[in-house]
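# Tertiary structure, described
If you want the building blocks of each chain, they are given just below.
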Amino acid sequence: MRKTAKAAIFTLLLASTASAHDNHTHSRTDLAYAAGYKAQFICSGLFNGGKSLDDIEKDELTGIYDRIADIVPDLEAQIDYGKREVRVRFAEDAPPRIALWNDRTGCTAMPIGFGGIKGFPEPQARVFPTKSWPMGDIGAEAASTDQSPAMQAVAASAFREGDNPAGTNAYGGKTSAILVLKGEKIIVESYKPGHGKHTAQRTWSIAKSLAGTFAGNQVLQGLAAPEDPLALEQFQSFGDPRAGITLDNAMRMASGLVSDTAGNRTDPIYMGGASVKQRTTSWPILFQPGTRFRYANNDTLLAVQHLMANDVNFDPRDLLDRLGMRHTYVETDWQGTPILSSQVWTTSRDLARLGLLYLNDGMWPYGEDGPQRLLPEDWLEYVSTPSGPQPDGDVGYGATFWLMNNVEGVPADTIGAFGNRGQYLIIIPSMDIVIVRRGYDTRTDRFNLTAFTRDLVAIANDG
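Let me sum up the structure you'll find in this document.

Calculation criteria
Residues numbered from 1 in each chain as written. Predicted model: local features only at pLDDT ≥ 70, side-chain atom pairs only at ≥ 80, totals over all residues. Heavy atoms only, no water. Salt bridge = Lys/Arg side-chain N within 4 Å of Asp/Glu carboxyl O. Helix = DSSP H or I, 4+ residues; strand = E, 2+ residues; numbered from the N terminus. Buried < 20%, exposed > 50% of the residue type's maximum accessible area, 1.4 Å probe, protein only. Phe/Tyr/Trp six-rings, centres within 6.5 Å; stacked < 30°, edge-to-face > 60°. Lys NZ or Arg CZ within 6 Å of the ring centre and 35° of its normal. Pairing = 2+ DSSP bridges. Axes fitted to C-alpha atoms, helices over the stretch in contact; angles between N-to-C directions. Contact = heavy atoms within 4.5 Å.

Turning our eyes to something else, we now look at the pattern of salt bridges. Going through the model one piece at a time under the given rule, you end up with 23 salt bridges. Note that Glu189 is salt-bridged to Arg349, the shortest N-O span being 2.8 Å. With Glu189 in strand E8 (residues 185–191) and Arg349 in helix H12 (residues 348–359), the pair connects residues that are 160 residues apart, well separated along the chain. What emerges from the salt-bridge pattern is a single network uniting Asp137, Glu141, Glu189, Lys197, Arg349, Asp350 and Arg353.

Shown next, in the form of structure tokens:
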């Protein structure tokens, strides 16, 4: 996608102060964000996720950020199924917000007034080769005879009966999928109505652990090392203290950079069409790198830019295809930088494949060319080891993975990739188990991951 002076309209429009909308007064920024959010999620839900528009409106466009929640329902979306394009207008005197799909990276949110696209082919559906599990789906259900009735009962209790919005379940939240692997076998797999094995949802922050996996693959190739300073041009001016931030600091949420909100939500990137480079490299140092834990999207996005600087041909699809994760879309900003802090869409089976890579300690024995090492021998130990500052509470943080090493009833080697709205990938190497839970939780109705994991572990131990 080419840069254009017209993209400057984006900054001018978002700087405007207010606009009337359906008898409410909202800032023009929030109107633009709401339109961008709606365009992006409809585009991704339809063309990455394979969902119905009704399910997208019911699940993806509810329970969202307060600043846009009451704006989104009133904005009209125009969907071009042929071009795989979604447009949402937010003001009469401004161009619409636009999200465009391609078969490699999914949907891209464009800045307001962008000047067009150069070199993109006509959108084509992604091809999914017919292969045996875990590289494909053939035989994936063959473990059904090995499924534990007790585990099945626990999984069933995580769903609301008939997907009833007013219903309750044993663990809270709004579960859309549960999948459990024992070794390479799927021993539990359940979905809410309207979802199935090829339904992709947004990972939210599970993407951060995927970013850490790409980092491990670069370390294996000798292209990166955790102790390397971030190779970002914006940090290299003489005397800039940010030059001391390492890849390890960024992977451990310990960059020391200013983070203006909890999680540093990066709304301009997620909803505003801003580029990753434009937003993430502008923050000053607040703490000495490595001395404070501050969960921030920016740290992961800076780590990804480091990977791109190491390898000009960096393409997440290369590793994903080798893992059989062909239903996964790593979305990018309009300048082509992967938004690996949150904006990945994938299926439960693809997340199970990622977990299986870690159960195999970075080896992948299932490829056509035989067993291959895709992560360094000590990478599982590295991402599982706390170092330096830690978050408050029972759950710790390693390097792009959460640590459940202090959770009663759960093995100490348990690690997890956690994402907003109840996205969870739990890996328990000592038990050879992977647990995937997907959902559409809200701040007032959250899934009790600890209780759910503990219950499955107890059954596995009894069995």
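After that view, the rundown keeps rolling.
With that settled, the discussion passes to the environment of Pro111. Relative to the assigned elements, Pro111 resides in the loop between strand E6 (106–109) and helix H5 (149–156). Residue classification places Pro111 among the buried residues on the basis of a relative accessible area of 3%. In this structure the C-alpha to C-alpha distance between Pro111 and Pro95, which are 16 residues apart in sequence, comes to 9.9 Å.

So, on to unusual backbone geometry. Note on backbone geometry: most residues besides glycine have negative phi, and most peptide bonds are trans. For the bond from Trp133 to Pro134, the omega torsion is 10°, close enough to zero to count as cis. Structurally, Pro134 can be placed in the loop between E6 and H5. With a phi close to 60°, Met253 is a non-glycine residue in the positive phi region. Considering the arrangement of structural elements, one finds Met253 in the loop between helix H7 (247–251) and helix H8 (267–270). Met253 sits in the buried class, given a relative accessible area of 1%.

Turning next to the packing of aromatic side chains. Taken as a whole and assessed by the stated rule, the structure comprises 22 aromatic pairs. Taken together, a centroid distance of 5.0 Å and an interplanar angle of 65° make the contact between Tyr358 and Phe401 edge-to-face. You can see Tyr358 sitting in helix H12 and its partner Phe401 sitting in the loop between strand E14 (396–397) and strand E15 (402–403), a full 43 residues away along the chain. When sorted by exposure, Tyr358 lands in the same class as Phe401, which is buried. Where Phe418 meets Tyr424, the ring centres are 5.4 Å apart and the plane angle is 85°; that geometry is what we call edge-to-face. On the basis of relative accessibility, which here comes to 16%, the residue Phe418 falls in the buried class. Given a relative accessible area of 14%, Tyr424 falls into the buried group. Among the aromatic side chains, those forming a connected cluster through ring pairs are Tyr171, Phe293, Tyr295, Tyr397, Trp402, Phe418, Tyr424, Phe447 and Phe452. The ring of Tyr329 has Arg126 lying over it, and the distance from NZ or CZ to the ring centre is 3.8 Å. Above the ring of Phe447, the side-chain terminus of Arg437 is found at 4.0 Å from the ring centroid.

Next up on the list: the sheet that holds strand E4 (residues 85–88). Pairing within the open sheet is antiparallel, and its four strands lie in the order E3-E4-E5-E6. Each edge of the open sheet is held by one strand with a lone partner, namely strand E3 (77–80) and E6. Averaged over all adjacent pairs, the angle separating strand axes in this sheet is 20°, with direction ignored. Sheet topology note: the E4/strand E5 (residues 97–102) ladder contains four bridges and is antiparallel. Residue pairing for E5: Val86 is matched across the bridge by Ala99. Together, E3, E4, E5 and E6 form the strand contacts of helix H2 (residues 28–47), whose direction differs from that of E5 by roughly 20°.

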